[in-house]
Structures are given as structure tokens and as C-alpha cells.
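Notes for the structure review
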Amino acid sequence: MAKGGSPPDGELVQLLTPEGERIESVTGSDGTVYRADFTDDEYRGLYRDLVIVRKLDAEATALQRQGELGIWASLLGQEAAQVGSGRALRTQDMAFPTYREHGVLYCRGIDPIMPLGLFRGVDQGGWDPNEFKFNMYTIVIGAQTLHATGYAMGVTMDGKTGTDDGEAVIAYFGDGATSQGDVNEAFIWAGVFNAPLVFFCQNNQYAISEPLERQTRIPLYRRAAGFGFPGIRVDGNDVLASYAVTRAALDHARLGQGPTLIEAYTYRMGAHTTSDDPTRYRIASEVEAWQAKDPILRVRAFLEKQQIADAAFFTEVDEQAKREAVHLRERVLEMPDPQPTTIFDNVYAHGSPLVDKQRAGFNEYQASFEGSAH
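For clarity, every value in this text was computed on a predicted model and none was experimentally measured.

1. Re the overall build of the protein
What the protein contains, in helices and strands, is 13 helices and 9 strands. Relative to the 2.2 N^0.38 estimate, which gives 21 Å for 374 residues, the radius of gyration of the protein is 22 Å and therefore close to what a compact globule would have. When its C-alpha atoms are laid out on the principal axes, the protein stretches across 75 × 50 × 40 Å. Within the protein, the fraction of its 374 residues that count as buried is 50%. A total of about 17400 Å² of accessible surface is found on the protein, and carbon and sulfur atoms cover 51% of it. Treating the 35 positive side-chain charges of the protein as one cloud and the 52 negative ones as another, the clouds have centres 3 Å apart.

As C-alpha cells, this is what we get:
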């Protein structure tokens, strides 16, 4: 195990190297000490999370390629950022995702079938945000940061900050979203109102096809200073560092000390979505360089070097992941197609005469085709 150190400005917090060497601690520029001390069972649990999340994601991609999903946004390469930050959340903390946070969703205990219903077009997601403290997926780029800011301001107004068991909020978004007005407005409001909020930016180097240098001339985490709160960059392929930095920022927020911007420096190994072709805008050597930093391989290397896990464990995890992927596929294929009129359901909590009129008109339109060849 390497001893602790301080990262130079512009570098990132890293607690597990690509070679699987664990760094005991890292001290930030503000004196915060980042460390991740887990039991052997917890280390193995993190590895299990990473492998299962990747396998489920790969199965969803395959389902889309076979015409069973309309679209899918893969998290391939970003597992450590999501599992690390997801496991850093305490039970009372609230998360606001984009459409790619399948790993965080998994860590919050939500059935992984839920987002597939959304992308299959048979429902709107289906989980209860209040039960799981995980909001619905947000497709509009950056909008969830405003939702999270308002929610976090409400947490403060309800007097739920200032103690170790206080509440905190986390908002996920990508590097491309930092160019959106919504995100910058959220930064302003969160800073001015000292909201208990962590802005978690997964910088996967591309906003669809636009590289990072087309989004910013400085590291993204430095933008926080202009809005009056701290920013920090973490190795987003390091599950230990992602956990440690996120847990520290969340605790900072819950104690009433305001927001933090975390830039998780990672890489999108696959396409932006299944409708994207990344070979049109990036070269193979770049992808290969990032493959050497794979978030799962470094944890496996660590477990092997420390003799925390053996071949039987890795085989068992792979088999579990395969079983869960097969089960996921089976359930997706069994999803019933909704009746067209269900589009009018749940628009308003207590119904609406206008929606009722629209439903009646649509039923009449459908009935006009009965007995025809259409």
C-alpha cells in the first residue's frame, strides 16, 4: 500500500491505481483527507456491484440491438464513478439522475427492470422516488440539477441539515451538460442559498460527439470557484476514490456547509446511446489507452494482490452476473404491451375533464377502424 499524498493542482484524487495498488489517503488542498477503509467483505461487495452492473448494462444494449428496446444509454466504463458515489449515499440522501445512472439505481436497491420499461416504451419508469430516494430518469439535459437544487433548498427549509444524520442531495450530469443554462443556474442558486447539494459531473470526455475541449478551457471542477463553492476532481475509474470524495462532499453538505462540485474524470467506453457511432469521431488508440484504466480490472488486481479473493470468488460473481442478466432479459420479453389509451392515465393525480374529453375522442377514433383492413 502506498502512503498518502497531496495531488498537485489539476490532478485528481486517486486511491486505487490502474495496477491495483491502494493508496492509503490523499489530502485535498483544503485539508480534507480522503480515504476508503473497508472490510474484506466490503471490498468484495464493491467488485460484485461493478461486475453485475456492467453485465446488466451489456444485456440491455443487446436487447436494444435485437429490437426489444427503443434506445439505451450505456454506462460502460463509468461503473466505478456510479457504484462508488452510489454506495457513498446514506439512506436519507436523495439522488437526481440523468438517463445513464443505472449503477446508482442498482445501488439504491431499485429493480434493474425498471428503467428498461421506460426504454421499451411500456411505462414511464415505475419506481417510487420517495421510497428509494432516487428520482425518475431525466432525459432533458441538465434539467435535473435545477430539480435537485430546489429539493435541497427544501431540505434546508425543513431544518434537516446541521447534524451528522442530516440529509444531503446529489445531482448527476455529464460534461456536456455543463454548457447548459440550467446547470449554471443551478450552480448560482445552490451557491447563494448554501444548498446541501453535491453536483456530480461524470466527465466521460464527450458530449455525444463533441470532445471536452469544445466545452471548456479549464478543468470542469474549477468552475465551482466562480459560483462560490468548492470543486474537486476524482479518478472516476477508481471506485474507492469515487466513494471517499462523494461521502466527504455529502457529509459536508448535510452539516450545512453548502454545495460541492465533483468532477469524476472517466471515459465513455461505448457509444453515447445505441443510436450513436463513436468510431466517427474518436480513434481506436484513445479507447485502448482508457481500457488500461478499466475500473473493474483494477479492483480485481487489488483483490488478488491482497489475497482478499480467489479464483472461486471471481467465478461465482461472473455466474451470478450471468444469471441476473438472463433473468432481466426474460422479464423484458414478458413485458405486456400497454393499451394505447393508457397514455391518458396518471396525467393528473385526480383526473381532468379535458383529459377525459381527449380520451373519449381517441376511443372514438380507434373505434372507427373496427371491421376495416387497417
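2. Comments concerning the packing of aromatic side chains
For the structure on display, the rule yields 26 aromatic pairs. Taken together, a centroid distance of 4.7 Å and an interplanar angle of 80° make the contact between Phe 187 and Phe 199 edge-to-face. Here Phe 187, found in helix H7 (residues 181-192), pairs with Phe 199, found in strand S5 (residues 197-203); they are 12 residues apart in sequence, far enough to count as distant. Here Phe 187 matches Phe 199 in class, with each residue buried. Through a chain of ring-to-ring contacts, three or more aromatic side chains come together here, namely Trp 72, Phe 119, Trp 127, Phe 134 and Tyr 137. A cation over an aromatic ring shows up here: Lys 293 above the ring of Trp 290, its NZ or CZ 4.2 Å from the ring centre. Over the aromatic face of Phe 314 sits the side chain of Arg 300, whose NZ or CZ is 4.0 Å from the ring centroid.

3. What to know about the UniProt feature "domain: Dehydrogenase E1 component" (unreviewed entry) in the protein
The feature "domain: Dehydrogenase E1 component" (unreviewed entry), as given by UniProt, occupies residues 50-337 in the numbering adopted here. In residues 50-337, helix accounts for 47% and strand for 11%; the two terminal C-alpha atoms are 32 Å from one another.

4. Details of the sheet that holds strand S3 (residues 94-96)
As summarised here, the arrangement of the 5 strands in space is S3-S4-S5-S9-S8, forming an open sheet in which the pairing is parallel. Of all strands in the sheet, those with a lone pairing partner are S3 and strand S8 (231-235), marking the two edges. On average, each strand axis in the sheet is inclined to that of its neighbour by 20°, with strand direction left out of account. In terms of strand pairing, S8 meets strand S9 (residues 260-265) through 5 bridges, oriented parallel. Paired with Gly 231 across the bridge in S9 is Leu 261.

5. A few points about the pattern of salt bridges
According to the stated counting rule, one finds 24 salt bridges in the structure shown. Arg 22 is the salt-bridge partner of Asp 37, the closest N and O atoms lying 2.5 Å from each other. Of this pair, Asp 37 sits in the loop between strand S2 (33-34) and helix H1 (40-65) while Arg 22 sits in the segment before strand S1 (26-27), and the two are 15 residues apart along the sequence. In this structure, Asp 294 and Arg 54 form a salt bridge, with 2.9 Å as the shortest nitrogen-oxygen distance. With Asp 294 in the loop between helix H10 (284-291) and helix H11 (295-305) and Arg 54 in helix H1, this residue pair connects regions lying 240 residues apart in the sequence. Taken together, the shared-partner salt bridges in this structure form one network comprising Arg 22, Glu 24, Arg 35 and Asp 37.

6. Structural notes on H1
Taking 1.5 Å of rise per residue, the 26 residues of H1 would be expected to cover 38 Å, and the 38 Å separating its terminal C-alpha atoms lies within 8% of that figure. Immediately downstream of H1, the backbone of Gly 67 shows phi near 85°, a positive value.

7. Notes on the nonpolar core
Counting 72 residues, the largest nonpolar core has Tyr 47, Leu 240 and Leu 303 as the members making the most contacts within it. Examining the composition of this core, we find that 10 residues originate from one element, H1, more than from any other. If we skip the residues at most four places from it in the chain, Leu 303 touches Tyr 43, Arg 44, Tyr 47, Ile 308, Ala 309, Phe 313 and Phe 314. Core analysis: the second largest hydrophobic core is formed by 23 residues, Met 94, Met 153, Ala 195 and Cys 201 among them.

8. Considerations on the pairing of S5
Within a regular strand, side chains alternate between the sheet's two faces. With 7 of its 7 residues buried, S5 lies for the most part within the structure. Neither face of S5 is exposed, since Leu 197, Phe 199, Cys 201 and Asn 203 on one face and Val 198, Phe 200 and Gln 202 on the opposite face are all buried. In this fold, strand S4 (residues 169-174) hands off to H7, which returns the chain to S5; that crossover is right-handed. Here S5 runs beside S9; their pairing, made up of 6 bridges, is parallel. Bridge pairing in S9 places Asn 203 opposite Tyr 265.

9. Side note on the domain arrangement of the protein
Assigned domains within the protein: domain 1 (25-334) and domain 2 (339-374). Placing the centre of domain 1 and that of domain 2 at their C-alpha centroids yields a distance of 38 Å.

10. As for the packing of helix H6 (residues 143-157) against H7
Following both chains from N to C, one finds H6 and H7 inclined at 15°, their axes separated by 7 Å at the closest point. With respect to H7, the axis of H6 lies roughly parallel. The two elements H6 and H7 cross, and the hand of that crossing is left-handed. Residues Ala 143, Thr 145, Leu 146, Thr 149 and Met 153 of H6 touch H7, and the partners they reach there are Asp 182, Val 183, Glu 185, Ala 186, Trp 189 and Ala 190. Partitioning the contact of H6 with H7 into residue classes produces 7 nonpolar, 2 polar and 2 charged.

11. Section: a nonpolar patch on the surface
A surface patch of nonpolar side chains, amounting to about 430 Å² of accessible area, comprises Ile 188, Trp 189, Val 192 and Phe 193. In this structure, Phe 193 sits in the loop between H7 and S5.

Calculation rules
- Residues numbered from 1 in each chain as written.
- Predicted model: local features only at pLDDT ≥ 70, side-chain atom pairs only at ≥ 80, totals over all residues.
- Heavy atoms only, no water.
- Helix = DSSP H or I, 4+ residues; strand = E, 2+ residues; numbered from the N terminus.
- Rg over C-alpha atoms; globule rule 2.2 N^0.38 Å.
- Buried < 20%, exposed > 50% of the residue type's maximum accessible area, 1.4 Å probe, protein only.
- Areas by Shrake-Rupley, 256 points an atom, 1.4 Å probe, with all protein chains shown as cover.
- Lys, Arg positive; Asp, Glu negative; His and termini not counted.
- Charge placed at Lys NZ, Arg CZ, Asp CG, Glu CD.
- Phe/Tyr/Trp six-rings, centres within 6.5 Å; stacked < 30°, edge-to-face > 60°.
- Lys NZ or Arg CZ within 6 Å of the ring centre and 35° of its normal.
- UniProt positions renumbered as here; feature names shortened; annotations may be inferred.
- Pairing = 2+ DSSP bridges.
- Axes fitted to C-alpha atoms, helices over the stretch in contact; angles between N-to-C directions.
- Salt bridge = Lys/Arg side-chain N within 4 Å of Asp/Glu carboxyl O.
- Expected span 1.5 Å × (residues − 1).
- Core = buried A, V, L, I, M, F, W, Y, C linked by side-chain atoms within 4.5 Å.
- Contact = heavy atoms within 4.5 Å.
- Right-handed = clockwise from strand over helix to strand, strands pointing away.
- Domains from an automatic or database assignment.
- Parallel < 35°, antiparallel > 145°, perpendicular 65-115°, else oblique.
- Left-handed = near helix turned anticlockwise from the far one by under 90°.
- Nonpolar A, V, L, I, M, F, W, Y, C, P; charged D, E, K, R; others polar.
- Patch = residues over 30% accessible without salt bridge, like charges linked within 9 Å, V, L, I, M, F, W, Y side chains within 5 Å.

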